[in-house]
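So the chains spell out like this:
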Amino acid sequence: MNRKEDKKKDALFIRDILARSLDLQLLNLTEVSALTHLDDEVLWDEVYEAARKVKEKVYGNRVVLFAPLYLSNECMNNCLYCGFRKGNRDAKRKSLTVDEAVEEAAFLSRKGYRRLLLVASEHTKRAGIEYFERVTDAIYSQTDIRILHANTAPMNTEDFRRLKAAGVGVYQCFQETYHIPSYRHLHPTGPKADYAWRMSVMDRAIEAGFEDVGMGVLLGLYDWRWEVSALISHSRRLINKYGFGPHTLSVPRLQPAERSELDCSTYRVSDEDLKKIVAIYRLALPFVGVVISTRESSGLRDELLSVGASQISAGSKTSPWGYMKAGDTEQFQIGDSRNLEEVVDRIAELGFMPSLCTACYREGRSGEQFRDLAQSESMKKFCHENAILSLKEYLEDCASPEVKEKLSKFIREEIGKSSNGLMEKIKLVDKGERDVHI
Ligand code: SAM
Ligand code: SF4
């Protein structure tokens, strides 16, 4: 076969893969590898278009918003890339008291956030399970925050049971790298040095009752093509074992950090590569939420929304006490400093529906049930209507008059595309009822 015929055969294979994704099938590792190694620009445009369509089929046009709440930067580990590492002698250390955590959460809730991701460094004394129980209980009882997710160090099964019972929605933990020699080099000391303990974290979380888990690799630590295949392989193993896999995949990309001892250039992931990674996750595991953080610039975040991303953080601070008082050591530098309102406005300008909805976790739409709804393409109806209701509430309570006027028009147009019952619910929000959802 000559080169031209080879290319034609490759293109047929890629188009077959895209057809399977559009049919909401999971991709196998041969198919994932064909995508990670694809270098034909014309075909990449087709891949991006397919990823956009798959996201639309599963979630409609909604984009979920949240903010991280950093609880502690006191860490027992020495991850070479992180500003919180034990070896960073310049770090200003801080662990929030329960009252301070409530103050930060209340501040964010006044801005309009309803979903927060608790983030903590690893410290058995400062950030043990009792601390998370007290923090979640206080935030739920004293603020309008409706769902807390958590990105913490791996726990044992019993502690995961307690974290779940405390009302945490998604448990998130990144493997950082699946490449064992790199993992060993990057995590020299502390509990995180144990690769097997980290690899088995999702099994313990799921066995403890978490049906929604969030996974990821820290992009830039090793060859991204290899890491992406490894993460998808890990996800497929969970799906085979438990009937469901990760609820979200994040795409954290390595950023400069205070006294980081790592040369970020060796395995640098370019903006174009990041776009490819988002599209590949979307196609390989059609039902996952793909999460973009403020590590990335505003322009790139806009682009990632058009290739399959479905959740983004906004207005984030990456240090404990970061919202109320700037000053303590940040985990890494952020690339997008817009506030929630600016991001909400921009999402709508791009034609997406900004969502502050938290309904699924509280209505039991998780794990296999979530997957079944997504597979039958019913999820997007819930997502669209709940997004509109949550945006309406945000505009009434938190937005500036200009944004309220602009987005009220946008909401009216979107209501036109929805069921009759929605208008009744919108009237309830107008009358002052809150947390109206289906
Ligand atoms: N300490 C816990 C752990 O390491 O699993 C949980 C929270 S840690 C603060 C959250 C994530 O931040 C890490 O899993 C890592 O992927 C990411 N991170 C650390 N340093 C980073 C950097 N310099 N740039 C981008 N992301 C970073
Ligand atoms: Fe600590 Fe997590 Fe940073 Fe590692 S990545 S130093 S465990 S906070």
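Residues numbered from 1 in each chain as written. Chains lettered and ligands numbered in written order. Predicted model: local features only at pLDDT ≥ 70, side-chain atom pairs only at ≥ 80, totals over all residues. Heavy atoms only, no water.

Another point: the overall build of the protein. If you tally the helices and strands in the protein, you get 18 helices and nine strands. Compactness check: the protein gives a C-alpha radius of gyration of 21 Å against a globular reference of 22 Å for 438 residues, within 12% of the reference. If one aligns the C-alpha atoms of the protein with their principal axes, the spans along those axes are about 70 × 60 × 40 Å. For the protein, the proportion of its 438 residues judged to be buried stands at 60%. The contacts in the protein between residues at least 6 apart in sequence include a share of 75% that link residues at least 24 apart. When the accessible area of the protein is evaluated, it comes to approximately 18000 Å², of which 48% is carbon and sulfur surface. Of note, the protein has its 64 positive side-chain charges centred 1 Å away from the centre of its 66 negative side-chain charges. (Helix = DSSP H or I, 4+ residues; strand = E, 2+ residues; numbered from the N terminus. Rg over C-alpha atoms; globule rule 2.2 N^0.38 Å. Buried < 20%, exposed > 50% of the residue type's maximum accessible area, 1.4 Å probe, protein only. Contact = heavy atoms within 4.5 Å. Areas by Shrake-Rupley, 256 points an atom, 1.4 Å probe, with all protein chains shown as cover. Lys, Arg positive; Asp, Glu negative; His and termini not counted. Charge placed at Lys NZ, Arg CZ, Asp CG, Glu CD.)

We now examine the pattern of salt bridges. Under the criterion given, the structure shown has 31 salt bridges. Close ionic contact of E49 with R52 constitutes a salt bridge, the shortest N to O distance being 2.8 Å. Within this pair, E49 and its partner R52 are both found in helix α3 (residues 41–59), separated by three residues, close to a single helical turn. We classify R52 as partly exposed; its relative accessible area is 33%. Among the ionic pairs, E207 bridges to K241, the shortest N-O distance being 3.9 Å. (Salt bridge = Lys/Arg side-chain N within 4 Å of Asp/Glu carboxyl O.)

Another point: the state of the cysteines. A covalent bond bridging the sulfur atoms of two cysteines is what the word disulfide describes. Enumeration according to the criterion identifies zero disulfides in this entry. This cysteine, C357, is not joined by any disulfide, and C360 carries the nearest cysteine sulfur, 6.2 Å off. Assessed through its relative accessible area of 14%, C357 is described here as buried. (Disulfide = S-S within 2.5 Å.)

Turning to the site of ligand 1, a few remarks are in order. Taken together, the neighbourhood of ligand 1 is formed by 20 residues, with Y81, E176, K192, R198 and Q331 sitting nearest. Y81 is positioned such that a nitrogen or oxygen atom in its backbone is 2.9 Å from a nitrogen atom of ligand 1. For the shell around ligand 1, the per-class residue count stands at 10 nonpolar, five polar and five charged. (Near = heavy atom within 4 Å. Polar contact = N/O pair within 3.5 Å; in protein donor to acceptor, adjacent residues only side chain to side chain. Nonpolar A, V, L, I, M, F, W, Y, C, P; charged D, E, K, R; others polar.)

With burial as the criterion, each face of strand β7 (residues 289–292) is covered, one bearing G289 and V291 and the other bearing V290 and I292. As paired elements, strand β6 (residues 248–250) and β7 share three bridges and run parallel to each other. Considered in β7, the bridge of L249 is made with V290. Taken together, β6, helix α11 (residues 271–284) and β7 form a β-α-β motif whose crossover is right-handed. (Pairing = 2+ DSSP bridges. Right-handed = clockwise from strand over helix to strand, strands pointing away.)

The subject of this paragraph is unusual backbone geometry. The backbone of W321 shows a phi angle near 75°, a positive value even though the residue is not glycine. With respect to the helices and strands, the residue W321 is situated in the loop between β8 (311–313) and α13 (340–349). Located in the positive-phi region is D435, a residue other than glycine, with phi close to 60°. Mapped onto the elements of the fold, D435 is located in the segment after α18 (421–430).

The geometry of α13 relative to helix α17 (residues 401–415) is characterised by a closest axis approach of 11 Å and an angle of 30° between their N-to-C directions. Remark: the crossing between α13 and α17 carries left-handed chirality. Each of E341, V344, D345, A348 and E349 in α13 lies in contact with α17, whose residues at this interface are V403, K406, L407 and F410. The residue makeup of the contact of α13 with α17, split by class, is five nonpolar, no polar and four charged. (Axes fitted to C-alpha atoms, helices over the stretch in contact; angles between N-to-C directions. Left-handed = near helix turned anticlockwise from the far one by under 90°.)

Next up on the list: the packing of α3 against helix α16 (residues 379–397). Where α3 contacts α16, the two axes come as close as 6 Å, and the packing angle between them is 80°. On the basis of the axis angle, α3 is roughly perpendicular to α16. Facing E56, K57, V58 and Y59 of α3, the residues of α16 in contact are M379, K380 and C383. Residue classes in the contact of α3 with α16 are distributed as four nonpolar, no polar and three charged. (Parallel < 35°, antiparallel > 145°, perpendicular 65-115°, else oblique.)

Let us now look at the environment of D10. With respect to the secondary-structure elements, D10 resides in helix α1 (residues 3–22). Expressed as a C-alpha distance, the spacing of D10 and L262, which sit 252 residues apart in the sequence, is 38 Å.

Further remarks concern the domain arrangement of the protein. What the domain assignment reports for the protein is domain 1 (58–358) and domain 2 (362–430). If you average the C-alpha positions of domain 1 and of domain 2, the two centres end up 25 Å apart. Of the roughly 2600 Å² buried between domain 1 and domain 2, counting both surfaces, carbon and sulfur atoms make up 62%. K406 is the partner of D345 in a salt bridge, and the nearest nitrogen-oxygen pair spans 2.9 Å. (Domains from an automatic or database assignment. Buried area = accessible area lost by both parts, 1.4 Å probe.)

Another point: the environment of E272. Mapping E272 onto the fold places it in helix α11. The exposure class of E272 is partly exposed, given its relative accessible area of 40%.

Right, let's talk about the side chain of S121 for a bit. Here S121 is to be found in the loop between β2 (115–120) and α5 (129–142). Among the polar contacts listed, one links the side chain of S121 to the backbone oxygen of S72, at a separation of 3.1 Å. At 2.8 Å, the side chain of S121 forms a polar contact with the backbone oxygen of E74. Among all residues touching S121, those that are not within four sequence positions of it are S72, N73, E74, C75, F84 and A127.

What follows is about helix α15 (residues 367–375). Within the span of α15, buried status applies to G367, F370, L373 and A374. In an axial view of α15, the angular spread of the buried residues amounts to 125°, which keeps them on one side of the axis. The inward-facing, buried residues of α15 abut α3, α14 (359–362) and α16. At the C-terminal side of α15, E377 shows a positive phi close to 60°. (Arc of directions from axis to C-beta.)

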